[in-house]
Amino acid sequence: MTRTARAAVCRDWNQPIGVETIQVEPPRRDEVTIRLHACGVCHSDLSAATGVIAFPPPLVLGHEGAGEVVAVGEGVEDFQAGDRVITSFVSMCGTCRYCNAGRPVLCETVNSALTTLPDGTVRTHDGDGNALNVFSGCGVMAEYATLHVNNVVPVTDDVPMDRAALVGCAVMTGVGAVFNTAQLEPGSTAVVFGAGGVGLNVIQGCRIAGARQIVAVDMSEDKLETARQFGATDTVLADDKAPKAVRKLTGGADYAFECVGRGAVAEQAYACLGKGGTVIIVGVAPRDDMTRINTLSLPAQERGIRGSWFGSARPRYDFPRLFGLYAGGQLLLDELVSQRYTIEEAPRAFADMEAGRNARGVILFE
Ligand SMILES: [Zn+2]
Ligand SMILES: [Zn+2]
């Protein structure tokens with residue numbers, strides 16, 4: 001059955017985000033339809049709405065969804081109606097060399113299908129019957145969504161839906177950058193640039209992994225205060241002198257995480273490193289942004305610089321680990337959700353995020 005859903009839709013870049021009624025077709029082979037309970041409001045959704053991420057509109061936004069399966073397509077054996085799931089925006093074929101190497105975020109077969117389902121088509125149409133693209137195979141800022149089965153992951157009953165939703169993006173991106181990409185060693189020192197939704201999760205990832213010192217750098221005193229709650233041992237206000245202050249505190253950091261997405265910040269992160277230190281670039285910079293580093297310092301001090309995409313996630317392996325850390329009290333999720341909205345309030349949720357008012361805003365569906 002085709003379902004009617006209220007959804008946040010980007011009609012054109014740099015236009016106000018609208019909420020409209022859309023049609024969601026039933027699942028085809030290897031697909032499921034979910035009824036959303038919650039969807040995180042992510043900076044990447046905003047980037048898609050402004051064209052910084054060049055997903056062609058019209059586009060149903062949302063990729064941090066949590067909900068329950070209401071219908072399964074032919075060939076789906078892992079899920080049935082009533083199962084609790086969260087969405088994963090990593091489309092993975094499971095057969096290419098990257099998927100086989102345990103690096104599905106680099107999947108080369110289906111990552112081109114970023115605004116459709118993996119088969120290149122969509123299940124979403126507007127009131128006039130025109131096709132609507134979906135954000136990264138998801139489009140879950142909507143009451144219903146039909147996705148490929150590889151884009152959903154089961155959730156245990158002990159995680160509330162609004163918190164579970166965040167695991168599918170901000171939490172995985174941040175914590176995964178520490179666990180999977182950096183593989184931070186216990187007793188290390190770390191500095192984290194940017195204490196927003198992702199940066200806070202890098203900070204708590206460092207804490208859980210056993211960093212002995214975690215310095216948070218941000219322009220906002222409020223965010224630095226929140227950073228302490230998540231595990232920062234020291235805080236530094238962001239300005240030109242931040243690297244000097246960090247070096248003084250740490251004696252040269254073992255790891256520096258860039259969660260802002262700007263070459264100038266990446267350079268500051270690099271300047272915080274001690275010998276043998278590594279910068280992990282987590283933030284998503286504009287396409288033409290560049291980073292300049294001193295080439296000789298790479299070999300002479302065995303420094304490193306590498307990127308982390310979606311926390312190098314292997315969703316069906318990592319998400320359950322994160323739920324377990326939440327259940328055990330180590331991973332903070334409740335504290336991440338700073339504001340809740342209805343789907344009709346989606347435009348305000350985006351405005352609040354742009355103004356930096358939230359750790360994380362979440363849309364709750366009735
Ligand atoms: Zn996101
Ligand atoms: Zn693949």
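Computed from a prediction, not measured in an experiment: that's the story for all the values here.

### A few points about the sheet that holds strand β2 (residues 18-24)
- The strand order β7-β2-β1-β4-β8 describes an open sheet built from five strands, whose pairing is mixed. Edge positions in the open sheet fall to β7 (124-125) and β8 (133-134), since each of these has one partner strand only.

### Describing the coordination of the zinc ion (ligand 2)
- Bound to the zinc ion (ligand 2) are the protein donor atoms Cys93 (SG), Cys96 (SG), Cys99 (SG) and Cys107 (SG), situated 2.3 to 2.4 Å from the metal.
- If you look at the zinc ion (ligand 2), its four donor atoms make angles of 103 to 116 degrees with each other, and the shape they trace is tetrahedral.
- When the donor residues of the zinc ion (ligand 2) are listed from N- to C-terminus, their spacing reads C-x2-C-x2-C-x7-C. In this pair, Cys93 sits in the loop between β6 (84-87) and α2 (97-100) while Cys107 sits in the loop between α2 and β7, placing the two residues 14 residues apart along the sequence.
- Judged by relative accessible area, Cys93 falls into the partly exposed class, the value being 23%.
- Classification of Cys107 as buried rests on a relative accessible area of 3%.

### Observations regarding the domain arrangement of the protein chain
- Under the domain assignment, the protein chain is made up of domain 1 (3-159 + 333-364) and domain 2 (174-308).
- Computed from C-alpha coordinates alone, the two centres of domain 1 and domain 2 are separated by 29 Å.
- The partner domain 2 presents eight residues to the seven residues of domain 1 that form the contact.
- The junction of domain 1 with domain 2 conceals about 650 Å² of combined surface from both sides, 58% of it contributed by carbon and sulfur atoms.
- Viewed at the interface, domain 2 and domain 1 are joined by zero salt bridges.

### Points about the coordination of the zinc ion (ligand 1)
- Those donors, Cys42 (SG), His63 (NE2) and Cys169 (SG), are the protein atoms that reach the zinc ion (ligand 1), and they lie 2.0 to 2.2 Å from it.
- Sequence spacing of the donor residues for the zinc ion (ligand 1), all on one chain, is C-x20-H-x105-C. Of this pair, Cys42 sits in the loop between β3 (31-41) and α1 (43-50) while His63 sits in the loop between β4 (59-60) and β5 (65-72), and the two are 21 residues apart along the sequence.
- On the basis of relative accessible area, Cys42 is assigned to the buried category, the value being 5%.

### Regarding the sheet that holds strand β16 (residues 304-307)
- Read across the open sheet, the six strands follow the order β13-β12-β11-β14-β15-β16; overall the sheet is parallel. Only two strands of the sheet have a single neighbouring strand rather than two, namely β13 (234-237) and β16. Strand-to-strand twist in this sheet, taken as the mean axis angle between neighbours without regard to direction, amounts to 20 degrees.
- When strand β11 (residues 189-193) meets strand β14 (residues 253-258), the two strands line up parallel, connected through four bridges. Bridge pairing links Val191 to Ala256 in β14.
- Each of β14, β15 (273-281) and β16 touches helix α3 (residues 161-182); the most contacted strand, β14, lies at about 130 degrees to it.

### A word on the pairing of β3
- Of all 11 residues in β3, nine are buried; the element is thus mostly enclosed.
- Of the pairings in the sheet, the one linking β3 to strand β9 (residues 144-148) comprises five bridges and is antiparallel in character. Within β9, the residue paired with Glu31 across the bridge is His148.
- Relative to β5, β3 is paired through seven bridges, and the arrangement is antiparallel. Counted as the bridge partner of Leu36 is Gly67 from β5.

The rules we used
Residues numbered from 1 in each chain as written. Chains lettered and ligands numbered in written order. Predicted model: local features only at pLDDT ≥ 70, side-chain atom pairs only at ≥ 80, totals over all residues. Heavy atoms only, no water. Pairing = 2+ DSSP bridges. Helix = DSSP H or I, 4+ residues; strand = E, 2+ residues; numbered from the N terminus. Donors = N, O, S within 2.8 Å, 3.2 Å for Na, K, Ca; no water. Tetrahedral: all angles 85-135°; square planar, octahedral: opposite > 155°, others 65-115°. Buried < 20%, exposed > 50% of the residue type's maximum accessible area, 1.4 Å probe, protein only. Domains from an automatic or database assignment. Contact = heavy atoms within 4.5 Å. Buried area = accessible area lost by both parts, 1.4 Å probe. Salt bridge = Lys/Arg side-chain N within 4 Å of Asp/Glu carboxyl O. Axes fitted to C-alpha atoms, helices over the stretch in contact; angles between N-to-C directions.

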